[in-house]
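In case you want the letters, here they are:
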Amino acid sequence: MVIEMSDYANLEINVVDTDSNSLPCRILLRTIGGDCIVPEGAVELKIGPDRWFMSSGGATLENPRCPVELRVERGMEYTRFKQTLNVSDDNMPKQIVLERWINMKEKGYLCGENHLHIAPEPVGPMLAAEGLDFGTVLQWWD
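Residues numbered from 1 in each chain as written. Predicted model: local features only at pLDDT ≥ 70, side-chain atom pairs only at ≥ 80, totals over all residues. Heavy atoms only, no water.

Draft legend 1. The sheet that holds strand S4 (residues 50–55), seen in detail. Spatially, 5 strands are ordered S3-S4-S2-S6-S7 in an open sheet, and the strand pairing comes out antiparallel. The sheet is open, and its two borders are formed by strand S3 (44–47) and strand S7 (81–86), each paired with just one other strand. If you compare each strand with its neighbour and ignore which way they point, the axes differ by 25° on average. Bridging between strand S2 (residues 25–31) and strand S6 (residues 67–73) involves 6 bridges; their strand directions are antiparallel. Within S6, the position partnered with Thr31 by the bridge is Val68. (Pairing = 2+ DSSP bridges. Helix = DSSP H or I, 4+ residues; strand = E, 2+ residues; numbered from the N terminus. Axes fitted to C-alpha atoms, helices over the stretch in contact; angles between N-to-C directions.)

Draft legend 2. Highlighting the environment of Gln83. With respect to the secondary-structure elements, Gln83 resides in strand S7. Look at Gln83 and you get partly exposed, because its relative accessible area is 30%. C-alpha separation for the pair Gln83 and Val72, spaced 11 residues apart in sequence, amounts to 9.2 Å. Apart from the residues within four sequence positions on either side, Gln83 is in contact with Val68, Glu69, Leu70 and Lys94. In terms of polar contacts, Gln83 uses its side chain to reach the side chain of Lys94, at 2.9 Å. (Buried < 20%, exposed > 50% of the residue type's maximum accessible area, 1.4 Å probe, protein only. Contact = heavy atoms within 4.5 Å. Polar contact = N/O pair within 3.5 Å; in protein donor to acceptor, adjacent residues only side chain to side chain.)

Draft legend 3. Focus on the nonpolar core. If you look at the biggest cluster of nonpolar residues, it comprises 20 residues, and the most contacted ones within it are Ile13, Val15, Leu70, Val72, Ile96 and Leu98. If you list the elements that add at least two residues to this core, you get strand S1 (8–16), S2, strand S5 (58–64), S6 and S7. With near-sequence residues (within four places) excluded, Val15 lies in contact with Asn21, Ser22, Leu23, Cys25, Gly57, Val72, Ile96 and Leu98. (Core = buried A, V, L, I, M, F, W, Y, C linked by side-chain atoms within 4.5 Å.)

Draft legend 4. Local environment of the pairing of strand S9 (residues 112–116). Looking at chain direction, S9 and strand S10 (residues 134–137) are connected through 3 bridges and run parallel. Residue pairing for S10: Leu116 is matched across the bridge by Val137. This β-α-β element, S9 to helix H1 (residues 123–130) to S10, shows right-handed connectivity. (Right-handed = clockwise from strand over helix to strand, strands pointing away.)

Draft legend 5. Layout of the environment of Asp133. Structurally, Asp133 can be placed in the loop between H1 and S10. A sequence separation of 23 residues divides Asp133 from Leu110, and the C-alpha atoms of the two residues are 6.1 Å apart. Dropping the residues within four chain positions of it, Asp133 is found in contact with Lys105, Leu110 and Cys111. Polar contacts involving the side chain of Asp133 include one to the side chain of Lys105, which spans 2.9 Å.

Draft legend 6. Inspection of the pattern of salt bridges at higher detail. Tallied over the entire structure, the rule returns 11 salt bridges. Residue Arg30 pairs with Asp50 through a salt bridge whose shortest N-O separation is 2.2 Å. With Arg30 in strand S2 and Asp50 in strand S4, this pair connects stretches of sequence that are 20 residues apart. With respect to class, Arg30 is no different from Asp50; both count as buried. Close ionic contact of Arg71 with Glu73 constitutes a salt bridge, the shortest N to O distance being 3.5 Å. Of the two residues, Arg71 and Glu73, neither departs from the other in class, the shared state being buried. One salt-bridge network, in which partners are shared between bridges, spans Arg26, Arg30, Asp50, Glu69, Arg71, Glu73, Arg80, Lys82 and Glu130. (Salt bridge = Lys/Arg side-chain N within 4 Å of Asp/Glu carboxyl O.)

In short, geometric facts, not functional conclusions.
In structure tokens form, the structure reads like this:
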């Protein structure tokens, strides 16, 4: 499929909690049967063929005016969002409310990850996007 510049639209995504506060998260945007769309300079996470990116709660992406799969996740305490969108100028911006189904901190627990095999630079955005309280990096140098 050949996509021309006139076939693109800006998709503005805002992710909030149930109190309308901006919510860091992990986002996957993929054309149906196509490639994932990641904003330039975003911290990226590759899981198999998928290319997720970390968001501080919002993103504006240039993507084709064709159906896209949008997935938004934030750790284990929030319900996931998954929807197929037909991107056009009349349905922008897209506000997504992620609902927390449990709050482990209120129960006396902290959430963390102590086994990340990545460079130190992307750790902060990744921890924020997953709602983690702490994390450590394991990295070997040759």
